[in-house]
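Residue-level structural notes
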Amino acid sequence: MKTLNDYCLAQFGEKLYKLCLNIGCTCPNRDGTLDTRGCIFCSAGGSGEFAGSAALRVSEQIEREKARVAGKFRGSRFIAYFQAYTNTYGPVPQLELQFTEAAARDDIAALSIATRPDCLGDEVCAMLARLARIKPVWVELGLQTVHPRSAAYIRRGYTLDVFDAAVAKLHALGIHTVVHLILGLPGESEDDMLESVRYVAQSGAQGIKLQLLQVLRGTDLANDWAAGKVPVMSLEDYTQLLARCVSLLPPDMVVHRLTGDGPKRLLLAPEWCGDKKRVLNAINLALKNVHLS
């Protein structure tokens, strides 16, 4: 398995740390273009609770984030991670100014831009190509599942062919593409989840993020969970599933994430995922057993 650290050491000669940034974007699933409620699992912060404040300039956010992680990361270069909401959804000139402010810095080795496959029009792609001439650009796409029934339940708002077209566009630009999948969506069997992994593995994307379904306070998913409609996975089941998922990936696909740690103040279930050290130890053991078998 090729980890993100492996990739960074090979590409940049050193370990890099992600600085989570917020440039004040919204989302077509929130502003009324597709819906006003957002995806069913998405928090009010647009999955950017750990990101900086959109009221600050990008460079000021970077400095604050560097100071925040100084006690646990001693490296000199970072990844500017534009995390909150949909970061290619907005006026392109304004977006480009903010991305370029990060890309121009010597302490930023790469940009990672989280977005939706349906927010990659021609003008956006031209901007990404310009940015990629300054610094490497990664684009993170929230696919979550390949199954139409699940996509409708989570209110994803686009069809699988839109994802395919987005990956093809980014591949043509030479941009490193990372795909997010959620494991544990209601109604999905293990075979369903493995089918999503197989699809991403052959999609042409260079990276993958595997995320446990977490029930966060204030989401519509939380209402369904409270009504008994959303079963959550045990730690053992999740780590065993992860091992099967990883075994399906091509050797050169970069694994950017194998879990997620949502803010504890919002986490409702499963409670075990709030213990990050325990989770990482269990994942490492499961993957070690796979490699030994």
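See the structure printed just above.
Residues numbered from 1 in each chain as written. Predicted model: local features only at pLDDT ≥ 70, side-chain atom pairs only at ≥ 80, totals over all residues. Heavy atoms only, no water.

1. Overview of the pairing of strand E6 (residues 176-183)
Where we set the bar: Relative accessibility decides the category of a residue: with a 1.4 Å probe and only protein chains considered, values under 20% of the type maximum give buried, values over 50% give exposed, and everything between is partly exposed. Runs of H or I in DSSP of at least four residues are treated as helices and runs of E of at least two as strands, each being numbered from the N terminus. For two strands to be treated as a pair, DSSP must find at least two bridges joining them.
Most of E6 sits inside the fold, with 8 of its 8 residues counted as buried. Residues His176, Val178, His180 and Ile182 line one face of E6 and the alternating positions Thr177, Val179, Leu181 and Leu183 line the opposite face, and both faces are buried. Of the strand pairs in this sheet, strand E5 (residues 137-144) and E6 are connected by 6 bridges, and their pairing is parallel. Bridge pairing in E6 places leucine 141 opposite valine 179. In this sheet, strand E7 (residues 207-212) lies alongside E6 in parallel orientation, the contact comprising 6 bridges.

2. Description of the nonpolar core
Heads up, the condition is: To qualify as a nonpolar core, a set must consist of buried Ala, Val, Leu, Ile, Met, Phe, Trp, Tyr and Cys residues joined through side-chain atoms within 4.5 Å. Contacts were defined at the residue level, with two residues in contact if any of their heavy atoms lie within 4.5 Å.
Ranked by size, the top nonpolar core spans 68 residues in total, and within it Phe82, Phe99, Leu111, Leu128 and Leu210 carry the most contacts. In terms of residues, this core owes the most to one element, helix H9 (residues 235-247), which gives 7 residues. Sequence-distant contacts of phenylalanine 82, that is, excluding residues within four places in its chain, are made with Leu21, Ile23, Val58, Asn87, Gln98, Phe99, Ala102, Leu111, Ser112, Ile113 and Ala114. Counting residues in hydrophobic clusters, the runner-up holds 14 residues, among them Ile40, Cys42, Leu185 and Val230.

3. Looking at the sheet that holds strand E3 (residues 78-82)
Applied cut-off: Where helices are involved, their axes are fitted lines through C-alpha atoms of the stretch in contact, as for all axes, and angles between N-to-C directions lie from 0 to 180°.
Reading across the sheet, the 8 strands line up as E1-E9-E7-E6-E5-E4-E3-E2 and stay open at both edges, with parallel pairing between neighbours. Every other strand in the sheet has two partners, leaving strand E1 (2-3) and strand E2 (17-21) as the edge strands with one partner each. Sitting on the sheet, H9 touches E6 and E7, and the angle it makes with E7 is about 165°.

4. What about the environment of threonine 239?
With respect to the helices and strands, the residue threonine 239 is situated in helix H9. C-alpha of threonine 239 to C-alpha of leucine 258: the two residues are 19 residues apart in sequence and 9.2 Å apart in space. Beyond its immediate sequence surroundings of up to four residues, threonine 239 is in contact with Ala282, Ile283 and Ala286.

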